[in-house]
Amino acid sequence: MTQKIAVIRGDGIGPEIMDATLEVLDALDVGLEYDFVEAGTTALESQGDLLPQATLDKIKEHGIALKSPLTTPVGKGFSSINVQLRRHFDLYANVRPAISFPNTQSRYQNIDLITVRENTEGAYRAEGQTRDDNEARSEIVVTRKGCERIARYAFDLARKLGRKKVTIVHKANIIKSASGLFLDIAQEVGQEYPEIEANTMIVDNACMQLVMRPEQFDVIVTTNLFGDILSDLCAGLVGGLGLAPGANIGENAAIFEAVHGSAPDIAGKGLANPCALLLAAAQMLDHLKQNDAAERLRKAIIDTLTAKDSLTADLGGEGNTKSFTQAIVSRVKG
C-alpha cells in the first residue's frame, strides 16, 4: 500500500533537513508518496501568501503532513503560521517526547518522558486582547471539551505505550478558574484509568523537579502555555531542540515537525542536523501504524550516534548534513 503525505520543505535549513529525511524514508521503503506544498517565506515569495489555500487543501486531502521549520515575518500575516495550522485543522494534541540519546551534549542520561500539551485553547488563543499605553489585557479561555480531550489523549497514550504515570501540571492554586477547570477535569479522566498512576503538580514545582529529578516523570499533560515552556525545558534535558520532534494531532489531520527554528544563519552550508525532523518522521510512521519502520529509523539514529559516525558539529562531530544522512541510510538498509 502507498500513503501520500503533504510535505512542507520550509525555510532556512528546512529544505536541507527535509531532503535528508525523505532520503532516509525512501531507504525504509514504506510506500510513502510526497505531495510538496509551500508555507512560510517561501510561499510568500512565490505565491504572495504565507499559508496558501492550496497548501491547506492538500493537508486536508491527505490528512498527514511532514513539516520543516517555517519563518513568520515580523509584522506581517499571522502571529504564527504554526499556531494558524493547529487552529485550522483543530490539532488539539501536541506530543513532544524527550529521550536521551548516546554521545549528545546533555547533562542527563536515561531520560524517557513525553509532554502532551493542549494545542488550541488557553493563553495562546489570546482572546479579548486590548492594549493602550497603560494597560494590556488578554483572556485565558479553556473549555470542558478541550480539557477532557487532551487529558484523555494523554491517558490513552500512556496506556498504549505501557507508561505507568501521568503527571497533570497546572497552576490552579492561583489561576483558580481556567487552570482549576483543567485540573478538575484531568483528574476526573484519570479515574477511568486505574492501572495508571495520576499525580498533580503545580507548574513552578514541575520545572524544579524536572531539573532535579527528571526520572520521576513519565507522561506530562498540561495546558497550552505551560506545555510550550515545559516541552522546551525537557528538550534541554536531553541536549536541545536538535533532538526534539513534535506531533500535532487532531481528529482528521496530523502534522509532524521539527520544533526548532529555521536557522537562516547556517542555511545552505550543510551544517544542519536533521535528527529532529527524522524523529518526527518516526512519530509519523507510528501514527500510520508503521511501527516496525519507526523503530528501524530510531535504531539507525541511535546506532549512528553511538558510533559517532559523521555527526554534525552540534553533536560533537566533523560531518555534515549529507554525510550524517548517509550514515543513517546505510544502517537503515542494514
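Preceding this section is the structure that the text describes.
Sequence order as written defines residue numbering, which begins from 1 separately in each chain. Totals for whole chains, interfaces and linings use all residues, but because this is a predicted model, local features are given only for residues with pLDDT of at least 70 and pairs of side-chain atoms are given and counted only at 80 or more. The side-chain figures draw on all heavy atoms in the structure; neither hydrogens nor water molecules are used.

## Describing the overall build of the protein
A tally of regular secondary structure across the protein gives 11 helices and 12 strands. C-alpha atoms define the radius of gyration in this analysis, and the globule rule sets the expected value at 2.2 Å times the number of residues to the power 0.38. Since a compact globule built from 334 residues should have a radius of gyration of about 20 Å, the 20 Å found for the protein is in line with a globular shape. In terms of its C-alpha atoms, the protein occupies a principal-axis envelope of roughly 55 × 45 × 40 Å. The 334 residues of the protein split such that 52% are buried. Contacts are assigned to residue pairs with any non-hydrogen atoms lying within 4.5 Å of each other. Nonlocal contacts in the protein, meaning residues at least 24 apart in sequence, comprise 71% of its contacts between residues at least 6 apart. Here the protein has roughly 15,300 Å² of accessible surface; of this, 48% comes from carbon and sulfur atoms. Neither His nor the chain ends is counted toward charge; the positive residues are Lys and Arg and the negative residues Asp and Glu. In this description, the location of a charge corresponds to atom NZ of lysine, CZ of arginine, CG of aspartate or CD of glutamate. Side chains of the protein carry 35 positive and 44 negative charges; the gap between the two charge centres is 2 Å. Strands here mean DSSP runs of E at least two residues long; helices mean DSSP runs of H or I at least four residues long; both are numbered from the N terminus. With a 1.4 Å probe rolled over the protein chains alone, any residue whose accessible area is under 20% of its type maximum counts as buried; one over 50% counts as exposed, and the rest are partly exposed. All accessible-area figures derive from a Shrake-Rupley calculation using a 1.4 Å probe, and residue coverage is judged against the displayed protein chains alone.

## Things to note about the pattern of salt bridges
When a carboxyl oxygen of Asp or Glu lies within 4 Å of a side-chain nitrogen of Lys or Arg, that pair is called a salt bridge. Overall, the coordinates contain 20 salt bridges when judged by the stated rule. Two residues, E192 and R152, come together in a salt bridge whose shortest N-O distance is 2.8 Å. Of this pair, E192 sits in the loop between α6 (178-190) and β9 (197-202) while R152 sits in helix α5 (residues 144-161); the two residues are 40 residues apart in sequence, bridging distant segments of the chain. Look at R152 and you get partly exposed, because its relative accessible area is 23%. Linked through salt bridges whose partners overlap, the residues forming this network are D35, K58 and E61.

## Observations regarding the sheet that holds strand β8 (residues 165-170)
Backbone-to-backbone hydrogen bonds pair the strands of a sheet. The strands run either parallel or antiparallel. Paired strands are those between which DSSP finds at least two bridges. Strand order in the open sheet formed by 10 strands is β2-β1-β3-β12-β11-β4-β5-β10-β8-β9, and the pairing between neighbours is mixed. The open sheet has two free edges, formed respectively by β2 (32-37) and β9, since each of these has just one partner strand. Geometrically, the sheet is characterised by an average inter-axis angle of 25 degrees between neighbouring strands, direction not taken into account. Against the sheet, α6 makes contact with β8, β9 and β10 (219-222), and its axis sits at roughly 165 degrees relative to β8, the strand it touches most. An axis is simply a line fitted to the C-alpha atoms; with a helix, the fit covers only the stretch in contact. Between two such axes, the angle follows the N-to-C directions and lies from 0 to 180 degrees. Packed onto the sheet, helix α7 (residues 203-212) meets β5 (112-118), β8, β9 and β10 and runs at close to 105 degrees relative to β9.

## Some thoughts on the nonpolar core
In this structure, L25, L66, F256, L285 and L297 are the most contacted members of the largest nonpolar core, which totals 70 residues. When residues of this core are assigned to their parent elements, the largest contribution, 10 residues, is made by helix α9 (residues 275-287). The residues contacting L285, other than those within four sequence positions of it, are L25, L28, V30, L32, Q290, N291, A293, A294 and L297. What makes a nonpolar core is a set of buried Ala, Val, Leu, Ile, Met, Phe, Trp, Tyr and Cys residues whose side-chain atoms join them at distances within 4.5 Å.

## Comments concerning a nonpolar patch on the surface
Side chains of I140, I174 and I175 sit close together on the surface and give an oily, nonpolar patch of about 260 Å² of accessible area. The residue I174 is located in the loop between β8 and α6 in this model. Using a relative accessible area of 59% as the deciding quantity, one classes I174 as exposed. Within the patch definition used here, like charges are joined within 9 Å and nonpolar side chains (Val, Leu, Ile, Met, Phe, Trp, Tyr) within 5 Å, considering only residues with over 30% relative accessible area and no salt bridge.

## Considerations on the packing of aromatic side chains
Paired rings are identified among Phe, Tyr and Trp, the last through its six-membered ring, by centres lying within 6.5 Å, and are further divided according to the angle between planes into stacked (under 30 degrees), edge-to-face (over 60) and tilted (the rest). A complete count under the given rule lists 3 aromatic pairs for this structure. Ring plane angle 25 degrees and centroid distance 5.2 Å describe the contact between F155 and Y193, whose orientation is recorded as stacked. With F155 in helix α5 and Y193 in the loop between α6 and β9, the pair connects residues that are 38 residues apart, well separated along the chain. Each member of the pair F155 and Y193 is classed as buried.

## Considering the side chain of K67
Mapped onto the elements, K67 comes out in strand β3 (residues 64-67). Pairing of N or O atoms within 3.5 Å defines a polar contact, subject to two protein rules: one partner must be a possible hydrogen donor and the other a possible acceptor, and residues neighboring in sequence count only if both atoms are side-chain atoms. Within the structure, K67 has its side chain in polar contact with the side chain of N82 (distance 2.8 Å). What K67 contacts, discounting residues up to four positions off in sequence, is I8, M18, N82, L85, I255, F256, E257, A258 and L277.

## Observations concerning the environment of V211
With respect to the helices, strands and loops of the structure, V211 is situated in helix α7. Sequence spacing of V211 and L237 is 26 residues, and the spatial spacing of their C-alpha atoms is 7.7 Å. Not counting residues within four places of it along the chain, the set of residues in contact with V211 comprises Y108 and L233.

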